[in-house]
Amino acid sequence: MSAGEPVNIRVLDREYTVGVAPGERDALITAARLLDTRMRELRGSNRMAAIDRIAVLTALNLAAELQQLRNEQELRERELRQAMAAIERRLDALG
């Protein structure tokens, strides 16, 4: 997110203005809502927790989820390549 259309978002009751490229506004708002929800969940009832600590822990949780999804996607792609290779071998054997 950089220069472009300014968009105001709220995360843990703080407002930020972020510049986004045309067409990215909705994605930014969705991401900000997700971040706000996750940070609120992590903070829980401890309103005195430092916002920077909550932000870092939330970022780590989201990064771990992203890495898990990437690993799962890589496994599915590997399985798909193996299945395609098996199909190609069967077709070659027929022809």
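Our subject is the structure that appears above.
Residues numbered from 1 in each chain as written. Predicted model: local features only at pLDDT ≥ 70, side-chain atom pairs only at ≥ 80, totals over all residues. Heavy atoms only, no water.

Enquirer: Quick one: what's the story with the overall build of the protein, residue by residue and with numbers?
Expert: A tally of helices and strands in the protein yields two helices and two strands. Helices (α) and strands (β) of the protein occur, in sequence order from the N terminus, as β-β-α-α. In summary, the protein has a C-alpha radius of gyration of 21 Å against a globular reference of 12 Å for 95 residues, an excess of more than 25%. Along the three orthogonal principal directions, the C-alpha set of the protein runs to about 70 × 35 × 15 Å. Per-residue burial over the protein gives 16% buried out of 95 residues. Partitioning the intrachain contacts of the protein with sequence separation of at least 6 by distance along the chain shows that 27% fall at a separation of at least 24. (Helix = DSSP H or I, 4+ residues; strand = E, 2+ residues; numbered from the N terminus. Rg over C-alpha atoms; globule rule 2.2 N^0.38 Å. Buried < 20%, exposed > 50% of the residue type's maximum accessible area, 1.4 Å probe, protein only. Contact = heavy atoms within 4.5 Å.)

Enquirer: Mind laying out the nonpolar core, listing which residues take part and the relevant values?
Expert: The biggest cluster of nonpolar side chains holds eleven residues, and these are V7, I9, V11, L12, V18, V20, L28, I29, A32, M39 and I54. Put simply, the parts of the chain that give this core at least two residues each are strand 1 (5-11), strand 2 (14-20) and helix 1 (25-43). If you tally residues by element for this core, the top one is helix 1, at four residues. Excluding residues that lie within four positions of it along the chain, I9 makes contacts with R14, E15, Y16, V18, L28 and A32. (Core = buried A, V, L, I, M, F, W, Y, C linked by side-chain atoms within 4.5 Å.)

Enquirer: Would you mind going over the side chain of R43 in detail, with residue names and values included?
Expert: Looking at the secondary structure, you find R43 in helix 1. Buried and without a salt bridge, R43 has D13 as its closest oppositely charged side chain, separated by 4.8 Å. (Lys, Arg positive; Asp, Glu negative; His and termini not counted. Salt bridge = Lys/Arg side-chain N within 4 Å of Asp/Glu carboxyl O.)

Enquirer: Give a detailed account of the pattern of salt bridges, specifying residues and quantitative values.
Expert: Applying the stated criterion across every chain yields a total of six salt bridges. Of the charged contacts, one joins D36 and R40 as a salt bridge, the two residues approaching to 2.9 Å between their closest N and O atoms. With D36 and R40 both in helix 1, this residue pair falls four residues apart, about one helical turn. The class of D36 is buried, set by a relative accessible area of 14%. Exposure remark for R40: the relative accessible area of 30% places this residue in the partly exposed category. Salt bridges sharing partners connect three or more residues here, namely D13, D36 and R40.

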